[in-house]
Amino acid sequence: HIVPLGISKSDLATIPRRQWLVKGLLQRRQTSLLIAPGASGKSLFTINTAVALAVGDGRKFGLDVREQTRVLIINAEDDLDEMNRRLAALALRHGYDNGAYRGQLLFYSRLDPSVPRFQLVERNKNRQIIEHQKLSALVDYLREEMIGVVIIDPLVACHCANENDNAEMNVVMSALISLAYRENVAVLLVHHTKK
């Protein structure tokens, strides 16, 4: 519905503050993009960010973490063994006990053949891109597990849209923006500059 805009000085205190999880990077109900060339450390940055959110302290990574929360990493390039290697290296480098964030980090690898493939959108019988019918399963999971941040790395592996088609990519982004807003989560998308 359409509402008139305008606010008086007396109403300024009623405007809700932005819900930053990581100041300047992630806020609830918003979708953020991390775009950089291949092999530039995007995945490592997201893992560092996830750990900082899981322990509620980002000082070791130069991040201003405002809220401790659970993080779901949806990854299409690494398996569980590789993720554990990275987390072990991070723990050694920064002096973390892995138990400090056990249960706060949740990982879904698209490389695991035993789990169904996660897709944001699908093609209908007319070959049009539409929101995937199983996206509601992700919504249920976010609610059940009280997830605050969803990281999708890389974005291209979680949809079947033509990335050179603005209309198709608009469906992908609309699904993510709506998911973030409706479920009060921050969504971080990892994307390559060549795309």
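Up top is the structure.
Residues numbered from 1 in each chain as written. Predicted model: local features only at pLDDT ≥ 70, side-chain atom pairs only at ≥ 80, totals over all residues. Heavy atoms only, no water.

## A few points about the pairing of strand 4 (residues 70-75)
As a reminder of what qualifies: The cut-offs for exposure are 20% and 50% of the maximum accessible area for each residue type, with area from a 1.4 Å probe on protein chains only; residues under the lower value are buried, those over the upper are exposed, and the others partly exposed. Going along the chain from the N terminus, every DSSP run of H or I of four or more residues is numbered as a helix, and every run of E of two or more is numbered as a strand. Any two strands with at least two DSSP bridges between them are considered paired.
Among the six residues of strand 4, six are classified as buried, and the element is accordingly described as predominantly covered. Relative to strand 8 (residues 147-153), strand 4 is paired through six bridges, and the arrangement is parallel. When the bridges of strand 8 are listed, R70 appears paired with I147. Bridge count for strand 4 against strand 5 (residues 105-109) is five bridges, and the pairing is parallel. Each residue of the ladder has a partner; that of V71, found in strand 5, is L105.

## Details of the pattern of salt bridges
Using the following cut-off: Any Lys or Arg side-chain nitrogen found within 4 Å of a carboxyl oxygen on Asp or Glu counts as a salt bridge.
Applying the stated rule across the entire model yields eight salt bridges. In this structure, the salt-bridge partner of R28 is E67, at a minimum N-O distance of 2.6 Å. Taken together, the residues R28 in the loop between strand 2 (26-27) and strand 3 (31-36) and E67 in the loop between helix 1 (42-55) and strand 4 connect sequence positions 39 residues apart. Taking the relative accessible area as the measure of exposure, R28 reaches 13% and is therefore buried. The closest approach of N and O atoms between R143 and E183, which form a salt bridge, is 2.8 Å. Of the two residues, R143 is situated in helix 3 (residues 135-145) and E183 in helix 4 (residues 166-183); the sequence distance between them amounts to 40 residues. On the basis of relative accessible area, E183 is assigned to the buried category, the value being 13%. When salt bridges that share partners are traced, they join E82, R85 and R86 into one network.

## As for the packing of helix 1 against helix 2 (residues 80-94)
What counts here: Here the axes come from fitting lines to C-alpha atoms, over the contacting stretch only for helices, and the angles between their N-to-C directions go from 0 to 180 degrees. Each crossing gets its hand from how the near helix is turned against the far one by less than a right angle, where anticlockwise is left-handed and clockwise is right-handed. Contact definition: two residues touch when any of their heavy atoms are within 4.5 Å. When residues are grouped by polarity, Ala, Val, Leu, Ile, Met, Phe, Trp, Tyr, Cys and Pro land in nonpolar, Asp, Glu, Lys and Arg in charged, and all others, Gly among them, in polar.
Running from N to C, helix 1 and helix 2 cross one another at 65°; their axes reach a closest spacing of 11 Å. Note on packing geometry: the crossing formed by helix 1 with helix 2 is right-handed. Residues S43, L44, I47, N48 and V51 of helix 1 touch helix 2, and the partners they reach there are M83, R86, L87 and L90. The residue inventory of the contact of helix 1 with helix 2, partitioned by class, reads six nonpolar, two polar and one charged.

## Here we look at the packing of helix 3 against helix 4
Rules: Here the angle decides the label: under 35 degrees means roughly parallel, over 145 means roughly antiparallel, 65 to 115 means roughly perpendicular, and every other value means oblique.
At their nearest, the axes of helix 3 and helix 4 sit 11 Å apart, and the two run at 30° to each other. Classified by the interaxial angle, the pair formed by helix 3 and helix 4 is roughly parallel. The chirality of how helix 3 crosses helix 4 is right-handed. Taking contact as the criterion, the partners of L135, L138, V139, L142 and R143 in helix 3 are, on helix 4, A175, L179, R182 and E183. When grouped by side-chain class, the residues that make up the contact of helix 3 with helix 4 number six nonpolar, no polar and three charged.

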